[in-house]
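Fold and geometry: a report
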Amino acid sequence: MDEVDFVIPLSKGELRTGNATAQYVVEELTSIRQLLGDTRDFKSAVLSTKGCFAVIDHFDTLYSLLCHFRSNDKIIKEVKPIAWNGLLKAAQKESQTLLNYLGDRNADRQAHRQHLTCLKMTCYLLCQMIEEFEAESVQPTTDTSVTKKQSKSARSKVDASGWDWESERELAITAIGQLVQLNTARLWEPPIVEEEFVNMLACTCYKLLENVEVSRNKTTRVAIFQLLGILVKKYNHSLGASLKIIQLLQHFEHLSSPLAQAVEIFVKEFGMKNIVSDILREIGQMDSKELARDNSGTKAYAAFVVELSEKVPSAVLPCISILLCKLDEESNNMRSAVLGVIAELILHCFTNEDLDEKQKSTRDQFLDLLEDAVYNVNAYVRNKALQIWLRLSNASAIPLPRQYELLKLVSGRLQDCSSMVRKSAVQFFTAYLKNNPFAAKISQEELQTNLDVETEKLENLVGQEEENEDAENDRNRAVCEKEGQAKWNAVEAKMKEAISELLGLEASSMDEEMPEEKELLVGEEESMNSVKLRICKLMTDGSFVEASKLLQAASDAFVGTAPFHRNDLKDSQGDGSFLDSSQEEENTSVEHILEIAKEMFLESLVPSSVEKVVENQQQENTEQQLQEVNEITKQKLLVQYLKACLNFARQIQTAMPLVCQMLNSKQNSDILEAIEFFVTAFQFGVSNVMMGIKRMQMLVLSKEQLIKEAVMGAYKRLYLTTEGGNQRSHTLAVVKNLTAMTETANTAELFSLEQLVIEFVKEGDISQSVIQMLWERFSMKMPGTTASESRAALQLLGMAAGAEVDIVRSNFEILVAEGLGERACTDFQFAADTCTALLKMAGSEKVKAGAHETPYKFAADNEIFSRLLVVLIAGASKLEDSSYTHLVKQAIAVIYRIAEHPDQICTKLLQDVSTVILSCQSDDDPGTENENSEDIFEKATPRVAGIHPGYLARLINMAGEVALKQLVHLDVSVAGELKRRRAVKQEDRDRKRLGRRSSTVRKSISLTRSTSKTKVSATGESVEEEMGLTAAIADDEEAEYIRKICENEIVTGGSHGLLSQFAPMILKVCTNPAVYNNEELQIAATLALSRFMVLSSVFCETHLQLLFTILEKSPHSAIRANTIVAFGDLTIRFPNLTEPWTSHLYARLLDESSNVRTYTIKVLALLIFNDMVKVKGQISEMATCLLDKDEKIANLAKLFFSELSKKGNAIYNMLPEMISRLSQPDSAMEKESFQTIIRYLFSFIQKEKQLEVLVEKLCHRFRATRCDRQWHDLAFCLSLLSYSERSLRKLSENFACFADKLVDDEVYNSFFSIVQKARKTCKQDVKAILDELEQRLHECHVKGLTEEEVAEKAAKHSQAAKNAKQVHRRRGKAHIDSASSSAESEDEENRSPDGKRPAVSVAAKRTSSVAVSRGVRRSTRNNSRHHAMPLTDE
């Protein structure tokens, strides 16, 4: 053993076949029976004096165990823990032995060899056993007694003897770590550890990490990373580790986080920063296409680099350039990962305030990359970029100068096509609002006002400072001039004397000497200022003669330059010198030169004097100046801060409409984030936030429970949550909040607000104290309550009553006394709101099935109705108040809802109002006031022309409201009450019958004749009862009774009818629009006419033509729109009467008023979807609305066809007819418009069989075309279809239909595009069809064919195609043909001889909203054949 080396094998089998003579080889394996004894001997040897060297002696035994390790023999199972414990003990002893041995420098070579062999054998056996035990632990258990809940814990237990592999695995890793921590390199010669030895240990660690359970166990995971760190640090495993990490990431996605932790340990604990660059270099060099293809591995790489940059940013930062190239590659995961790395580097390395210029530049470059990513082409990358900006905002890591542009950038993503990008953009704005560095309240108006004030204040401070500086300079200059004058006085006499002496010299001597002296005194390059300084210095030093000479030289050198241009004598002399002046001018010249010298002297003294003065005053004014400078600096900073605040508020304001649009999104995520944004914006006082708050309010009606709960939660936070204060202050705050919402709400917002209040009351969020305070405000018992606040409180009480009726019922007297008192006579809107609250007392109009609750009614003489009549009669003549119409509607609704005999009350109301209105006529008819109320109706019609249009409109409107409510009263209230009474009686009869059956026994079968008749009758009743027909018969009788009342007693009952006396008045106004040309009157008359028509089919049939005449000729769009709505109601009531007039309804789709077109689409959609109107070819006019200039109408049309496509084959059936109508030459539709409409409609055709039939129908329509435009349109339609093999064959069979049209280039191009598109998706067997079709298309286009040639070729091709068809295809075709013919024959049988449908009995229609559904069902049965019948060709 001492003569051989142990070579670490690549596989276990290599130890049995050694290649070298000095290599250790296992010659024979120990049998399983001998293993138990030999293993025990090994363990004993380890515990004896041999210690770790026992591994060498028993290596063959342990190696044999490895070979038999996966055997199921019981001996092997018993041997495993014994061998493991012995080997683990040997490793621990080995570490201690090596520690002592390596410290001994005198060890011999033989001992080195023995220790090295022992180390290699021990580590090899440990690694092999770890791998075997690990493989065994991950195998699925076969023990069926282990439940699912126990499987995880049971997997870690091999048996019940206390063996726990998880703890043993950790001990083994620790033991190996203790061995490699030693300086084992000394055992090798040269002292370099074998690469195979290092790879063996490292591979074991990597194999352990592949197990998910190991990577989740923190203790074991850290122990493995420590061992790998030692290998990287001491055994030169850095490169191998980096490559292995890349490999593991590629195959095991769960290792991204653990491996990042491993690298962190390598860097921080072992100082191996170079491994980071190695790993990132390997990732950077990967093929971009491979990364895009391997999605799982790319995700692991991405997660790894992001987490690595978070854990060791300082090590990643120098290598970031390696990753930046990935931003331009195809893989979205890697692009997002690089952005994540940049974010981590910014957050960990560039958030300090003491960054140098280089660091700031690097940070700005990173931020630029993040800004560019916001507009990346991939939605996932854009979303990742926005999420990163959100993180940076939350961490306050965005520099202030960049924030304004960033907000503009992100606001553009609010309209992104991806919902997740929009969600992230809104989240960013919300987070930025919460973390904004400016203010808690961001109101644009307040910020602008504050900015203006502070800017003005700054300007005042700056101006005051400038004024102070000017005054100070003036004072300093005065002091300097005073001091300079004193100095000049001391030298003036001497200077004057010197000048005089100079001027008194003889002219001859001057002429000879002066030029030479001048040249010497003034240099050529010398400036005027330098000469001035020399002159002043000579005068200061007392050299006055030299100063005079220099002054003379300067006057000649700088002629015309200040101050010498003031020499007046110069112009009169030849050369202008001082010495050329005559004797009589000598005194003047001296004074002049002296003045120049004085000016120079004083100028030279000013700077020095100022400095001295400033130095003297500087100490005195230092504190004052510092204070002024600090105030100005602070003011400048404040102005800059306010400007930044204002810019931020403006950017938020710009984003507000975009977020509002997201409230209409189909994605719940958009809506939820927009709600959160508006809540935050409201809390920060953002301007115009109420725009979004009110639109958000409408979402409480959403069918999505998640959205509804979010809206309720938002409003609860905004309006029902207060901070601090007692219960009273909390209640008052809630009431004020709710009042503010109510006062500014429109009709739609009030409806949604009512739903909110109802939900809040049900959940107890609106407490009883709030309700009590609302009553106090309503009755104005609370001091300081205004009229608008009282009305808002009334509205809120009415809303709350929708959840709890007792809120109104318990305070009924207060409601009537205050709501219908004196205020009601002057404030009609207040009275109308009172009526709305009174309606809540009656409870819900929907009656639960089986409920027989007595209706909540009041007697006709109750105070409520008398007060209502007083208010209505008094307000009839007050035309200035437009709320009267709404009051009439609500008051009549109250009368019919809670009054007994409401028709009597309304009759009296109409009589009294008529009296009041007729009394308001002109004085030309003095006999009006003395008429009896009974004669009012008879006398009213002839006097219509003399009544004010406003009064007459109110009277007619009131009659129309009564008609409508009377209909509802009869159909709902009366019919419901009859049914309730019948049900109560039936219950009583049932109870009595049960009692009689239990106590009575029939004793005889012999009865009298009368008795037998009674028995027969009773038997008949019992049979009907058993068949369940009693209730149905009673329902029909009651419905017929109510129908007769509506037909004969209300509007057509002559003088006895409730409303029949108003009919002539209404008809007179409607038939004479030129006489009664008041728009308000015409609107009221038209509405009343339609409501009268809804009551009676006789009245409807008589005046239906008048209604459509109004629809066609009325110049008022409001009247036309109301007539459209009325037609929808009439169609539901009397479908047979209105069917011939349906074309007039379609014609309104072309109305000039967008409002009329909107209502027409809505009414048609309602009627078509309820099968009240058949879908005919006129639906093409609805298709033209797809291109309406009004976007709202276009959207409604799209919604209509989208919903219609869900009704079976509706769009498919009408398409051929629509195409024909839209492509008519007289339709005046542009080609682009036609193509846009058809392209949208064809998007709903998806079934292959439909496509095949459409191809045939469209081809046949070529024969009926009359112009080139129709050719082009049909060819375009064919080019839109998706062609299968059957469709292509159908196109080839019908080639004769369009062959002669192929000469036209546009037709040919359309058919050629069909072939080209089909080639992209066709199979191999279809190519022959396409080739033949393309050849035929080309031939017809180039040459043209005669009709006979085309027919002959088409016949041959058709016959060949038919022979090639499969049997099931022929059967399918036959089935469709038979269905079509049967439907057509059925349609012919159902038609009358004149070609019209048989009329449905009017008596079969019901006259109430309850009976509408029956009418719908009957109409559906009558019209079903239309929808089932396929369209025929023209």
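Just above, that's the structure.
The paragraphs below set out a description of the structure included in this document. (Residues numbered from 1 in each chain as written. Predicted model: local features only at pLDDT ≥ 70, side-chain atom pairs only at ≥ 80, totals over all residues. Heavy atoms only, no water.)

**What to know about the pattern of salt bridges**
- Taken as a whole and judged by the stated rule, the model has 51 salt bridges.
- Residue Arg-70 pairs with Glu-132 through a salt bridge whose shortest N-O separation is 3.1 Å. Taken as a pair, Arg-70 in the loop between helix H3 (59–67) and helix H4 (74–102) and Glu-132 in helix H5 (residues 109–138) lie far apart in primary sequence, 62 residues in all.
- With a relative accessible area of 8%, Glu-132 lands in the buried category.
- Two residues, Glu-1285 and Arg-1289, come together in a salt bridge whose shortest N-O distance is 3.1 Å. Of this pair, Glu-1285 and Arg-1289 both sit in helix H59 (residues 1285–1293), 4 residues apart, roughly one helical turn.
- Through salt bridges with shared partners, a single network forms among Arg-363, Asp-364, Asp-368, Glu-371 and Arg-402. (Salt bridge = Lys/Arg side-chain N within 4 Å of Asp/Glu carboxyl O. Helix = DSSP H or I, 4+ residues; strand = E, 2+ residues; numbered from the N terminus. Buried < 20%, exposed > 50% of the residue type's maximum accessible area, 1.4 Å probe, protein only.)

**Examining the side chain of Glu-961**
- Relative to the elements of secondary structure, Glu-961 occurs in helix H43 (residues 949–999).
- The buried category is assigned to Glu-961, whose relative accessible area is 6%.

**Here's the deal with the packing of helix H1 (residues 32–47) against H3**
- Close contact between H1 and H3 brings their axes to 10 Å; oriented N to C, the two are set at 130 degrees. The angle between H1 and H3 falls in the class oblique. Relative to H3, H1 is oriented so that their crossing is left-handed. Side by side, H1 and H3 meet where Leu-35, Asp-38, Thr-39 and Phe-42 of the first sit next to Thr-61, Leu-62, Ser-64 and Leu-65 of the second. (Axes fitted to C-alpha atoms, helices over the stretch in contact; angles between N-to-C directions. Parallel < 35°, antiparallel > 145°, perpendicular 65-115°, else oblique. Left-handed = near helix turned anticlockwise from the far one by under 90°. Contact = heavy atoms within 4.5 Å.)

**Notes on helix H31 (residues 727–743)**
- Its 17 residues give H31 an end-to-end C-alpha distance of 24 Å, which sits within 8% of 24 Å, the value for a rise of 1.5 Å per residue.
- Within H31, burial applies to Thr-731, Val-734, Val-735, Leu-738, Thr-739, Met-741 and Thr-742. For H31, the arc enclosing every buried residue in end-on projection is 160 degrees, short of the 170-degree limit, so these residues lie on one face.
- Each element contacted by the buried residues of H31 is listed here: helix H29 (690–697), helix H30 (705–719), helix H32 (747–763), helix H33 (768–778) and helix H34 (787–801).
- Where H31 starts, the residue carrying a side-chain oxygen 3.4 Å from the main-chain nitrogen of Arg-728 turns out to be Asn-726. (Expected span 1.5 Å × (residues − 1). Arc of directions from axis to C-beta. Polar contact = N/O pair within 3.5 Å; in protein donor to acceptor, adjacent residues only side chain to side chain.)

**Points about unusual backbone geometry**
- The residue after Glu-189, namely Pro-190, is reached through a cis peptide bond having omega -5 degrees.
- Within the secondary structure, Pro-190 is located in the loop between helix H7 (165–181) and helix H8 (195–209).
- The phi dihedral of Ser-396 falls on the positive side, at around 55 degrees, and the residue is not glycine.
- As for its position among the elements, Ser-396 is in the loop between helix H20 (379–394) and helix H21 (400–411).
- Residue classification places Ser-396 among the exposed residues on the basis of a relative accessible area of 61%.
- A positive phi angle, near 60 degrees, is found at Met-780, a position not held by glycine.
- Within the secondary structure, Met-780 is located in the loop between H33 and H34.

**Concerning the packing of aromatic side chains**
- Enumeration over the complete set of coordinates arrives at 34 aromatic pairs.
- Here Phe-429 and Phe-677 contribute two aromatic rings whose centre-to-centre distance is 6.5 Å and whose plane-to-plane angle is 85 degrees, an arrangement assigned as edge-to-face. In this pair, Phe-429 is assigned in helix H22 (residues 419–434) and Phe-677 in helix H28 (residues 668–683), connecting sequence segments 248 residues apart. The same class applies to Phe-429 and to Phe-677, which are both buried.
- With a centroid separation of 5.5 Å and 65 degrees between ring planes, the pair formed by Phe-828 and Tyr-884 is classed as edge-to-face. Note that Phe-828 is positioned in helix H38 (residues 828–839) and Tyr-884 in helix H40 (residues 884–898), a separation of 56 residues in sequence.
- Of the residues examined, Phe-828 reaches a relative accessible area of 0% and is grouped as buried.
- Taken together, the aromatic side chains of Phe-6, Tyr-24, Phe-59, Tyr-63 and Tyr-124 make up a single cluster linked through ring pairs.
- One cation-aromatic arrangement involves Arg-809 over Tyr-856; the distance from NZ or CZ to the ring centre is 4.1 Å.
- Across from the ring centre of Phe-1295, 4.1 Å away, lies the NZ or CZ of Arg-1336, which sits over that ring. (Phe/Tyr/Trp six-rings, centres within 6.5 Å; stacked < 30°, edge-to-face > 60°. Lys NZ or Arg CZ within 6 Å of the ring centre and 35° of its normal.)

**Considering the nonpolar core**
- The biggest cluster of nonpolar side chains holds 389 residues, and the ones touching the most others in it are Phe-304, Ile-864, Phe-1201 and Phe-1311.
- Per-element tally for this core: the top contributor is helix H27 (residues 586–662), with 14 residues.
- Not counting residues up to four positions away in its chain, the partners in contact with Ile-864 are Phe-812, Val-816, Leu-820, Leu-838, Met-841, Phe-858 and Ile-898.
- In this structure, Ile-499, Val-531, Phe-544 and Ala-547 belong to the second largest nonpolar core, which totals 24 residues. (Core = buried A, V, L, I, M, F, W, Y, C linked by side-chain atoms within 4.5 Å.)

**Side note on the packing of helix H48 (residues 1097–1113) against helix H49 (residues 1117–1133)**
- In contact at an axis separation of 9 Å, H48 and H49 are set at 150 degrees when each is read in the N-to-C sense. The angle between H48 and H49 places the two elements in the roughly antiparallel class. For the pair H48 and H49, the crossing hand works out as left-handed. Facing Cys-1100, Leu-1104, Leu-1107, Phe-1108, Ile-1110 and Leu-1111 of H48, the residues of H49 in contact are Ile-1119, Arg-1120, Thr-1123, Ile-1124, Phe-1127 and Leu-1130.
- The residue makeup of the contact of H48 with H49, split by class, is 10 nonpolar, 1 polar and 1 charged. (Nonpolar A, V, L, I, M, F, W, Y, C, P; charged D, E, K, R; others polar.)

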